[in-house]
Amino acid sequence: MNDDLWVFGYGSIIWRVDFPYIEQQPAYIKNWSRRFWQGSTDHRGIPGKPGRVVTLVSQPGDVCQGRAYRVSQDYQDEVLASLDHREKGGYERLVIDIFFSEARFTSGITYHATPENPNYLGEAPYSDIAKQIASAHGPSGSNIEYIYKLHESLQQMNSTDNHVNSVLQEVRLIEANISRR
Ligand code: SIN
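Residues numbered from 1 in each chain as written. Predicted model: local features only at pLDDT ≥ 70, side-chain atom pairs only at ≥ 80, totals over all residues. Heavy atoms only, no water.

Asker: When you look at the site of the ligand in this model, what are you seeing that I'm missing?
Answerer: Gly9, Tyr10, Gly11, Ser12, Ile13, Val54, Glu87, Tyr91 and Tyr146 make up every residue found near the ligand. At a separation of 2.8 Å, an oxygen atom of the ligand approaches a polar backbone atom of Gly11. Residue Ile13 places a main-chain N or O atom 2.9 Å away from an oxygen atom belonging to the ligand. Protein chains shield 97% of the accessible area of the ligand, which is 250 Å² for the free molecule. Within the shell around the ligand, the residues separate by chemical class into 5 nonpolar, 3 polar and 1 charged. (Near = heavy atom within 4 Å. Polar contact = N/O pair within 3.5 Å; in protein donor to acceptor, adjacent residues only side chain to side chain. Areas by Shrake-Rupley, 256 points an atom, 1.4 Å probe, with all protein chains shown as cover. Nonpolar A, V, L, I, M, F, W, Y, C, P; charged D, E, K, R; others polar.)

Asker: In this structure, what is going on with the nonpolar core? I would like to understand it.
Answerer: As a rule of thumb, soluble globular proteins bury nonpolar side chains together. Core analysis: the biggest nonpolar cluster contains 45 residues, and Phe36, Ile98, Ile133 and Leu150 have the highest contact counts within it. Element by element, the count of residues in this core is highest for strand E3 (residues 51-71), at 8 residues. (Core = buried A, V, L, I, M, F, W, Y, C linked by side-chain atoms within 4.5 Å. Buried < 20%, exposed > 50% of the residue type's maximum accessible area, 1.4 Å probe, protein only. Helix = DSSP H or I, 4+ residues; strand = E, 2+ residues; numbered from the N terminus.)

Asker: Which parts of the structure should I look at to understand helix H5 (residues 162-180)?
Answerer: In an α-helix there are 3.6 residues to a turn, and that puts residues three or four apart on one side. Between its terminal C-alpha atoms H5 stretches 27 Å, which fits the 27 Å expected from 19 residues at 1.5 Å a residue. Residues of H5 that are buried in the fold lie against strand E2 (23-40), helix H3 (126-135) and helix H4 (143-156). Of the residues that open H5, the one with a side-chain oxygen 3.0 Å from the backbone nitrogen of His163 is Asp161. (Expected span 1.5 Å × (residues − 1). Contact = heavy atoms within 4.5 Å.)

Asker: Sorry if this is basic, but what is going on with the packing of H4 against H5 here?
Answerer: Any two packed helices are characterised by how steeply their axes cross, that is the angle between the axes, and by the distance between the axes. The geometry of H4 relative to H5 is characterised by a closest axis approach of 11 Å and an angle of 135° between their N-to-C directions. Here H4 lies oblique to H5, going by the angle between them. Like other packed secondary-structure pairs, H4 and H5 cross with a definite hand, here left-handed. For the pair H4 and H5, the contacting residues are Ile144, Ile147, Tyr148, Leu150, His151 and Leu154 in the first and Val164, Asn165, Val167, Leu168, Val171, Arg172 and Glu175 in the second. Looking at the contact of H4 with H5 residue by residue, the class counts come to 9 nonpolar, 2 polar and 2 charged. (Axes fitted to C-alpha atoms, helices over the stretch in contact; angles between N-to-C directions. Parallel < 35°, antiparallel > 145°, perpendicular 65-115°, else oblique. Left-handed = near helix turned anticlockwise from the far one by under 90°.)

Asker: Teacher, can you tell me more about the packing of aromatic side chains here?
Answerer: Given two aromatic rings, their pairing is described by the distance between the two centres and the angle made by the two planes. Applying the stated criterion across every chain yields a total of 9 aromatic pairs. Among the aromatic residues, those joined into a ring-pair cluster are Trp15, Phe36 and Tyr146. Residue placement shows Lys30 over the ring face of Phe99; its charged tip is 4.3 Å from the ring centre. (Phe/Tyr/Trp six-rings, centres within 6.5 Å; stacked < 30°, edge-to-face > 60°. Lys NZ or Arg CZ within 6 Å of the ring centre and 35° of its normal.)

Asker: Help me understand the environment of Thr106 in this model?
Answerer: In this fold, Thr106 is placed in strand E5 (residues 104-113). Between the C-alpha atoms of Thr106 and Asp3, which are 103 residues apart in sequence, the distance is 12 Å. Residue contacts for Thr106: discarding those within four places in its chain leaves Trp6, Ile96, Asp97, Ile98 and Phe100.

Asker: Is there a simple way to explain the pairing of E5 in this structure?
Answerer: In the case of a regular strand, side chains alternate between the two sheet surfaces. As defined by bridge partners, strand E1 (residues 5-9) adjoins E5 across 2 bridges and the pair is classed as parallel. Bridge pairing in E5 links Val7 to Ile109. With 10 bridges connecting them, strand E4 (residues 91-101) and E5 associate as antiparallel partners. When the bridges of E5 are listed, Ile98 appears paired with Thr106. In textbook terms, the turn of a hairpin is the stretch between consecutive antiparallel strands, and for E4 and E5 this stretch comprises 2 residues. (Pairing = 2+ DSSP bridges.)

Pasting the structure below:
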């Protein structure tokens, strides 16, 4: 158990789990916030018309909720190789403390896209982020599907993320305007 690898997901890794694991649990990390600040040219957008996906932004005092997976030592190398490939559009591994409760935590890894990567987009008004999400598509599907699945997964964990909710609210307005036309 001690040599098993814990992987924390806060975006697509919450709902699209394409690797073997022994157990999974809702979990959180401290001093990070989830933001739609990373561009996606290989999953939810294409080069020249990137989508927007989530990354982690340092935010002392904040908590980011997601899901943690315990991967057997026997599968560690192959799981890391497959996640490195999946997240290659700008994410890097980050070693981090993963909390299950205030009294129970473990060290593990998560994938984090920093401003240094070429696909990083950074902060923008919610309406601009939503416009981009509403119109982007990539090899993994539409960007709209990404935000809906993220929101649904967070709801299932009874977790609220004000940033995700604010972007989704704007996306819904755009969808409502399109359907009224
Ligand atoms: C993650 O899910 O933890 C990383 C970001 C993503 O792939 O959406």
